[in-house]
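Breakdown of the fold
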Amino acid sequence: MWLTGLYGGGKEKMGIEEFQKIFLELYPDLCVYASSFVIDVASSKDIVQDVFTTFWIENDKLINKKLIKPYLFKSVKHKALNYKKREKRKSGLDELFSSFTEELANSENETVEAFLSYSNLQSDLEMAIQELPEQRQLIFRMSRFEEMKHKEIAKELNISPKTVETQIYRTLKFLKAKLKHHL
Amino acid sequence: MLVFRLPYYKLGSIMSKKIEALFLAYLEGTISLADEQFLLEWLKNNPNTITDFNDFRRIWNMSKMAGTLKDDAIELEWMQLRDRINTSDVKETVVSHNIWYWLPRIAAVFLLGAMVAFTSMYLFNMSENNELTFHEINTPPGAKSKITLPDGTIIWLNAGSNVKYSNEFGKKQREIQLTGEAYFEVFHNPSKVFLVRTSELNIKAYGTAFNVKSYPEEGTIETTLIEGSIGVTRRSFENKKNDEVLLEPNQRVVYYRKSNKVETINQLATPNLPKTTPAKREEQKLTYLISKGIDTKEFTSWKDGTLFITSESLKDLAVILERKYDVKIHFDSEELKDLKFTGSLENETVEQVIDAIGIAAQIDYTIDEREIWLKEKMK
């Protein structure tokens, strides 16, 4: 074992600790990014898991550590676009939005900088939600994080379903403006 | 129904409120089939609105995802991934095995060992009895040479080393025999594996650059991979695929020769070994140690004339210097042998090196032609 002590230094091939660090740092952003292409939460997470598995096997090919983040986002994007083709039970509307997103994604400039900008996606989204007025924030969190229906939220907060809808629609507009560089 | 065909901006707030409500119902998953069809038609007739609605839909999904990403959920996902990469057939897990992995396995295959060793010896003798002629290249102590093989492979041969290959080389096979140290830049040819045979290990290369050090007077055989991939197997198990240790770039495997005692390893190993006769126990000490992420320059720089020394005892350093400069180093006192040195030597003369050692460790020395005496400084 004394040998490892002697020769352990120098250029480090990625160990499990470094890999874990990258995972914990980027997993939320990559999942949020994947879910902008793929509707189903579980499928988005599978895609991100797959990308990390491949990255673990092939990380030695990425000599420049600055390229790790863009590589991961690019891999998630491509896997997600391929996955979408296999997604079933699509309605006509799903189909319309889906092919629109795909066209948009294909026309995007795939630069290192562009992919790097996604690395704050989750925190940007979270911060934008926190900027919302109290009640609008509460309604949006109940809708999205607790997956409550508009009617349930209305009942819970003792307001009309119409108000819930209006508030949610405003929130979507607000978030779209806040996150425009990510969309 | 005519009003629906008007452009969006002319629709007025009642219509846009209706579309918004339908769209929200669609996101929520509560929209009726008829309403969905209506919304679809409306969007197709108002394509300039799709971007906005599509962005809303993406934000809707992203927010739902964000709600599932609590710290403990991420921790759980990490554990799943960790299990996945540990159980899948990933090269990484093979090379990271430590001696606790190898020792029981080596012990287990030992009983087969004698038989396989005998068989392979027999086969080896057979092939040598054929009408083969051999090319042999020797470098004397104090010299180095660079050889180009018939297949385009380049070999730098270090001091006091020998390579040998038959006239069959490059035809059916690419096999060479090595004693000492050599650096290889193997010409890429996937159909013919390049095989380096040392006294106890075989190294299989698939178009690659690597260094092998196998001096008979040293207790280890050391293989360092710079580029590409190589597989190392013990010679007595050369046909056993599962004996192969695959190396990735910047990794190095140190193999302990059977005949040499390595006390540290032996101590660690004893509790895990089954009861065996003393003779067998001796053989079970052989093991591999793999270090990853090493600075390969340290192990290959000899070919460019640079010699790296990392915490090397004076005793071992003397062996290296004897080979490099073709000198003989004598110790007046045993205690000097344990002094440790770290540094690098380039194109210095042997006098300069000995002088540097003398200054660094406060040692007196005398040089007489090719004989060097080291002694403790008189106080």
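Computed from a predicted structure; not experimentally measured.

1. Regarding the overall build of chain B
Looking only at helices and strands, one finds 11 helices and 18 strands in chain B. For chain B, buried positions account for 28% of its 379 residues. Across chain B, every contact between residues at least 6 apart in sequence was considered, and the portion connecting residues at least 24 apart equals 52%.

2. Looking at the overall build of chain A
A tally of regular secondary structure across chain A gives 10 helices and zero strands. Traced from its N-terminal end to its C-terminal end, chain A shows the element sequence α-α-α-α-α-α-α-α-α-α. Counting only residues that meet the buried cut, chain A has 29% of its 183 residues in that class. Across chain A, contacts joining residues at least 24 apart in sequence account for 68% of those joining residues at least 6 apart.

3. Considerations on the sheet that holds strand E15 (residues 328-331) of chain B
For sheets, the rule is that strands pair by backbone hydrogen bonds, running either parallel or antiparallel. Residues and elements named next belong to chain B. Pairing is mixed in the open sheet, where three strands are placed in the order E15-E18-E17. A single partner strand is all that each edge strand has here, and the edge strands are E15 and strand E17 (363-368). Averaged over all adjacent pairs, the angle separating strand axes in this sheet is 20 degrees, with direction ignored. Bridge analysis of E15 against strand E18 (residues 371-376) gives four bridges, and the strand direction is parallel. Across the sheet, Lys328 pairs through a bridge with Glu371, a residue of E18. The strands that helix H11 (residues 350-361) touches are E17 and E18; relative to E17, the one it contacts most, it runs at about 160 degrees.

4. Quick notes on the pairing of E17(B)
Within E17(B), only zero of the six residues are buried, which leaves it mostly out in the open. Where E17(B) folds back on E18(B), the antiparallel hairpin that results is connected by two residues, among which Glu369(B) adopts a positive phi of roughly 55 degrees.

5. Here we look at the interface of chain B and chain A
Across the contact, 49 residues belong to chain B and 52 residues belong to chain A. Those elements that provide at least two residues to the side of chain B that touches chain A are helix H1 (12-28), helix H2 (33-45), helix H3 (50-67), helix H4 (71-87), strand E12 (251-256), strand E13 (288-291) and strand E14 (307-313) of chain B. When residues in the side of chain B that touches chain A are grouped by element, the largest group, 15 residues, is from H3(B). Residue composition of the side of chain B that touches chain A, grouped by class: 23 nonpolar, 12 polar and 14 charged.

6. Observations regarding helix H10 (residues 161-178) of chain A
Residues and elements named next belong to chain A. For H10, with 18 residues, the first-to-last C-alpha span of 26 Å sits near the 26 Å given by 1.5 Å per residue. Taken together, the buried positions of H10 are occupied by Val164, Glu165, Gln167, Ile168, Thr171, Leu172 and Leu175. Down the axis of H10, the smallest arc covering the buried residues is 165 degrees, so these residues share one side. Every exposed residue of H10 that faces more than 90 degrees away from the buried side is listed here: Lys162 and Ala177.

7. Quick notes on the packing of helix H9 (residues 150-157) of chain A against H10(A)
Residues and elements named next belong to chain A. Between H9 and H10, the shortest axis-to-axis distance is 8 Å and the interhelical angle comes to 110 degrees. Relative to H10, the element H9 lies roughly perpendicular. As H9 packs across H10, the resulting crossing turns out to be right-handed. Two secondary-structure elements touch here, H9 through His150, Lys151, Ile153 and Ala154 and H10 through Pro161, Val164 and Glu165. Each residue belonging to the contact of H9 with H10 can be placed in one class, and the counts come to four nonpolar, one polar and two charged.

8. Focus on the pairing of strand E6 (residues 194-197) of chain B
The two faces of a sheet get side chains in turn, since along a regular strand they alternate between them. Residues and elements named next belong to chain B. Here E6 shows a clear split, with Phe194 and Val196 buried on one side and none of Leu195 and Arg197 buried on the other. As paired strands, strand E5 (residues 174-185) and E6 are joined by four bridges and run parallel to one another. What sits directly across from Glu175, in E6, is Leu195. Pairing geometry for E6 and strand E7 (residues 201-205), over four bridges, is antiparallel. Bridge pairing in E7 places Arg197 opposite Asn202. With antiparallel pairing between neighbouring strands as the criterion, E6 and E7 make up a hairpin whose turn holds three residues.

9. Observations regarding helix H2 (residues 16-34) of chain A
Remark: the principal bend of H2(A), roughly 45 degrees, maps to Leu26(A), with a proline, Pro28(A), within the next four residues. All of the buried residues along H2(A) are Phe23(A), Leu26(A), Tyr27(A), Pro28(A), Asp29(A), Leu30(A), Cys31(A), Val32(A), Tyr33(A) and Ala34(A).

10. A closer look at the environment of Tyr118(A)
Residues and elements named next belong to chain A. With respect to the helices, strands and loops of the structure, Tyr118 is situated in the loop between helix H6 (112-116) and helix H7 (121-130). Since 24 C-beta atoms lie within 10 Å of it, Tyr118 is described here as buried. For Tyr118, the contacting residues outside a window of four places in its chain are Asp29, Tyr33, Phe73 and His182.

11. Focus on the confidence of the model for chain B
Residue and element names in this part refer to chain B. Across chain B, the average pLDDT comes to 73, with 73% of residues at or above 70. Confidence, read as mean pLDDT per element, is least for helix H7 (residues 263-269) in chain B (28) and greatest for H3 (94). Long-range and interchain partners of residues 1-7, a stretch whose pLDDT sits below 50, account for four contacts in this model, where long-range means more than four residues apart. Across residues 88-130, where pLDDT falls below 50, the model places 42 contacts with residues more than four positions away in sequence or in other chains.

Thresholds applied
- Residues numbered from 1 in each chain as written.
- Chains lettered and ligands numbered in written order.
- Predicted model: local features only at pLDDT ≥ 70, side-chain atom pairs only at ≥ 80, totals over all residues.
- Helix = DSSP H or I, 4+ residues; strand = E, 2+ residues; numbered from the N terminus.
- Buried ≥ 20, exposed ≤ 12 C-beta atoms within 10 Å, placed from the backbone.
- Contact = placed C-beta atoms within 7 Å.
- Pairing = 2+ DSSP bridges.
- Axes fitted to C-alpha atoms, helices over the stretch in contact; angles between N-to-C directions.
- Nonpolar A, V, L, I, M, F, W, Y, C, P; charged D, E, K, R; others polar.
- Expected span 1.5 Å × (residues − 1).
- Arc of directions from axis to C-beta.
- Parallel < 35°, antiparallel > 145°, perpendicular 65-115°, else oblique.
- Left-handed = near helix turned anticlockwise from the far one by under 90°.
- Bend = angle between axes of the 7 residues up to and from the residue.
- pLDDT = per-residue confidence, 0-100.

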